[in-house]
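Notes for the structure review
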Amino acid sequence: MNIQERYESAKEIYAGLGIDVDAAVERLNHIPVSMHCWQGDDVMGFEGADSLSGGIQATGNYPGKARNPQELMADIDKALNLIPGRHRINLHASYAIFQDGEKVDRDALEPRHFADWVKFAKERGLGLDFNPTMFSHPKAENATLSSEDPEIRKFWIDHCKACVRISQYFAEELGSPCAMNIWIPDGFKDIPADRMSPRARLKDSLDQILAMDYDKSKVLIAVESKVFGIGMESCTVGSHEFYMNYAASRGIMCLLDSGHFHPTEMISDKISSMLLFSDKIALHVSRPVRWDSDHVVLFDDETREIAKEIVRNDPDRVLLALDFFDASINRICAWVVGMRNMQKALLYALLMPNEKLAKLQEERRFTELMMEQEELKTYPFGDVWDYFCQMNQVPVKEQWFKEVQAYEKEVLLKRG
C-alpha cells in the first residue's frame, strides 16, 4: 500500500477508538515548536567568543559548525525543510548581527541588531522567541542578576530590559507574541553562608526588569530554574522553588527545562500542577543523561509523557521549545531528529483516546487502563506520521537523512 492507503487504513483502526485522525493531524499542524538556534554553532554566538562559561558546555568537534549568521541561517533553512509543520526560532541575545564593524555590549543591544533575523523569519513565516544571554561574558564570571556588585547587577538588568524591547520588536514585526526566557548561572560551588541575600537581590533585579513599560500581550516573560550547575553544585540562586513562587506572584511564566531537575524527577509530572495555578507555562524539552547533558530529544518515554500532558491540558497553554546542543554529531541531523521526535510525541498523544483512559482511571479500573495503554503502542501511529510528513512535503521516514549527508558533503565539510 502507498502512504495514502496506509493512512486511510489507520483512520479506520483509530476510528474504532473514537479518534478523528484528520482532526489530530490538523491540530498537530498548528502546534509550533520553537527550534533553538544555538544547536547550529555550539552556543558560540556572533560576539567572537572562543569558549563557553557559566556552566555551559558543548561536547565534541564534529566538522562543519556554522561560523557566521549566513551559515547559521542556511543550516536552519536546511533543517526546517526536513521538518513538517510551521515553527518558531528561539534566539539568544549573543546572536545579534552587527553591521559595518559596529559592536556594542549586551546592555546596549537594540532591535536593529536583530533586523536580519526578523527579515529571515518574515520570509519564512516563522515566529521568534528570545533569551537574554547571561553567560560567556566577563561580567558573568561571578554572578549576574544576584551579584553583590551594584554595577554588575545594573549591567545585567539593563541587558534584560534591552531584551524586552527586542522581544516586543519581534512580536510587533511578526504579529506573534514573543516568549522571552531569563536564565542565569548564579550560584555557589561549596556550601554558602547566606542563601537569602543573593535571592533577595535576584528578586529585586527581576522586579526592576518587570517594572519597565512593555506590552505584556506581546512579550511573554518566563524564568527558568536549575537544580545545580557546573561550578555551582551546592546552591543555585534561581532554584525551582524561587522561580515558581516568583512567577506566580508576578503573573509571568515559569519555564521547566527537562534537564534541570534531579535525575529521577520528570517535568511531565509537573505540567498539570503548574497549569492549575498559571494561565501558561513554558517548556525546554531536552534529554538529560544522568543530568543536564542536553542530549538530542528522542521519541522516548518521557518525551511522550510530556506530549501527553501538553495535549491533555491544552497545547495553547504551553509554549514549547527545544534545548540541546550536541557537537559530536552532525548538527543539522540533531535538529531534525529532535524536532521530528517532539512532533511524533505530540501526534502520538493526539491519537490517544484520552477521555476514555481518564474515565478508566476515575473508575479505578487500573488493570484495563494498563492494558489499553500498552495496546495503543502498536496501533498504526507510524502510518499517520508518514502521511503528515508527505502532507507537509518533507521526506518520509529516514529518506531525509540522504539530504543531510549531501549537504554535509557539499557545504559543511568545506567550512574547514
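Rules used in this analysis
- Per chain, residues are indexed from 1 in the order of the written sequence.
- Since the coordinates come from a predicted model, pLDDT governs what is reported: local features require at least 70, and pairs of side-chain atoms require 80 or more to be given and counted, while whole-chain, interface and lining totals use all residues.
- Side-chain descriptors were evaluated using all non-hydrogen atoms of the structure, hydrogens and water having been removed beforehand.
- UniProt positions are given in the numbering used here, feature names are shortened, and annotations may be inferred rather than shown by experiment.
- In this description a helix means any DSSP run of H or I spanning at least four residues, a strand means any run of E spanning at least two, and both kinds are numbered starting from the N terminus.
- Buried residues are those whose accessible area, probed at 1.4 Å on protein chains only, stays under 20% of the maximum for their type, while exposed residues exceed 50% and partly exposed ones sit between those limits.
- Between rings of Phe, Tyr and Trp, where Trp is taken as its six-membered ring, a pair exists when centres lie within 6.5 Å; planes separated by under 30 degrees are stacked, by over 60 edge-to-face, and by other angles tilted.
- A pocket here means an open set of points on a 1 Å grid, computed over the protein atoms alone, that has protein on both sides within 12 Å along at least five of seven lines. A cavity is instead a set of points where a 1.4 Å probe fits but cannot get out; residues with an atom within 4 Å of a point line either one.
- Grid points are joined across faces, edges and corners, and a volume is the space filled by probe spheres set on the points.
- Gly falls in the polar group here, along with every residue not listed as nonpolar (Ala, Val, Leu, Ile, Met, Phe, Trp, Tyr, Cys, Pro) or charged (Asp, Glu, Lys, Arg).
- In what follows, residue pairs with any heavy atoms lying within 4.5 Å of each other are defined as contacts.
- Throughout, nonpolar core names a set of buried Ala, Val, Leu, Ile, Met, Phe, Trp, Tyr and Cys residues whose side chains join them through atoms within 4.5 Å.
- When DSSP finds two or more bridges between two strands, those strands count as paired.
- In the sections that follow, a salt bridge refers to a side-chain nitrogen of Lys or Arg positioned within 4 Å of a carboxyl oxygen of Asp or Glu.
- Only C-alpha atoms enter the line fits that serve as axes; for helices the fit covers just the stretch in contact. Angles between N-to-C directions range over 0 to 180 degrees.
- Angular relationships are summarised with four words: roughly parallel below 35 degrees, roughly antiparallel beyond 145, roughly perpendicular across 65 to 115, and oblique for the angles in between.
- Left-handed describes a crossing whose near helix is turned anticlockwise from the far helix by less than a right angle; the clockwise case is right-handed.

If you check an unreviewed UniProt entry, the protein appears there as L-rhamnose isomerase from Enterocloster bolteae 90A9. In its Pathway (unreviewed entry) section, UniProt records this for the protein: "Carbohydrate degradation; L-rhamnose degradation; glycerone phosphate from L-rhamnose: step 1/3." Quoted straight from UniProt, the Sequence similarities (unreviewed entry) entry for the protein says "Belongs to the rhamnose isomerase family."

Structural notes on unusual backbone geometry
For Val43, which is not glycine, the phi dihedral falls at a positive 65°. Within the secondary structure, Val43 sits in the loop between strand 1 (34-36) and helix 3 (69-80). Take Val43: its relative accessible area is 5%, and that puts it in the buried class. With phi around 50°, Ser136 is a residue other than glycine that occupies positive phi space. Residue placement: Ser136 occurs in the loop between strand 3 (127-131) and helix 5 (150-174).

Some remarks on the packing of aromatic side chains
The full count for this structure, using the stated rule, is 18 aromatic pairs. Considering the side-chain rings of Phe299 and Phe381, the 5.5 Å spacing of their centres and the 5° angle between planes classify their relative orientation as stacked. Placement of Phe299 in the loop between strand 11 (291-295) and helix 9 (301-312) and of Phe381 in helix 13 (residues 381-391) is noted, with a sequence separation of 82 residues between them. The class of Phe299 is partly exposed, set by a relative accessible area of 27%.

Examining empty space enclosed by the protein
A full pass over the atoms with the stated rule returns three cavities of 30 Å³ or more. Looking at the largest cavity, its volume works out to about 40 Å³. As for the largest cavity, its lining consists of Val43, Met44, Glu47, Ala49, Ser51, Leu52, Ser94, Arg106, Thr133, Phe135 and Ser136. Looking at the lining of the largest cavity, its residues break down into five nonpolar, four polar and two charged.

Structural notes on the environment of Ile271
Here Ile271 lies in helix 8 (residues 271-277). On the accessibility criterion, Ile271 (0% relative accessible area) is buried. Linking Ile271 and Ile306, residues 35 residues apart in sequence, is a C-alpha distance of 8.0 Å. Filtering out sequence-adjacent residues up to four positions away, Ile271 remains in contact with Ile281, Leu283, Ile306 and Glu309.

Comments concerning the nonpolar core
Ranked by size, the top nonpolar core spans 131 residues in total, and within it Trp117, Leu145 and Leu283 carry the most contacts. Discounting chain neighbours no more than four positions away, the residues touching Leu283 are Leu255, Leu256, Ile267, Ile271, Ile306, Ile310, Val318, Leu319, Leu320 and Ala321. Counting five residues, the second-largest nonpolar core is a separate cluster that includes Leu220, Met253, Leu255 and Ala282.

Observations regarding the pairing of strand 6 (residues 219-224)
Within strand 6, six of the six residues are buried, which leaves it mostly tucked inside the rest of the structure. Here strand 6 shows two buried faces, one formed by Val219, Ile221 and Val223 and the other by Leu220, Ala222 and Glu224. By the bridge criterion, five bridges tie strand 4 (residues 178-182) to strand 6 in an arrangement that is parallel. The residue of strand 6 that forms the bridge with Met180 is Ile221. Summarising the sheet, strand 6 and strand 8 (residues 253-257) pair through three bridges and their orientation is parallel.

Quick word on the pattern of salt bridges
For the structure on display, the rule yields 35 salt bridges. The residue Glu102 makes a salt bridge to Arg112 at a minimum N-O spacing of 2.9 Å. Of this pair, Glu102 sits in the loop between strand 2 (88-92) and helix 4 (115-124) while Arg112 sits in the loop between strand 2 and helix 4; the two residues are 10 residues apart in sequence, bridging distant segments of the chain. The partner of Lys270 in a salt bridge is Glu265, with the nearest N and O atoms 2.7 Å apart. One salt-bridge network, in which partners are shared between bridges, spans Arg6, Asp383, Asp386 and Lys397.

Regarding the packing of helix 3 against helix 10 (residues 331-350)
The N-to-C vectors of helix 3 and helix 10 enclose an angle of 40°; their axes lie 9 Å apart at closest approach. With respect to helix 10, the axis of helix 3 lies oblique. Relative to helix 10, the crossing made by helix 3 is right-handed. On helix 10, the residues that touch Leu72, Asp75, Ile76, Lys78 and Ala79 of helix 3 are Ile332, Trp335 and Val336. Of the residues in the contact of helix 3 with helix 10, the class split is six nonpolar, no polar and two charged.

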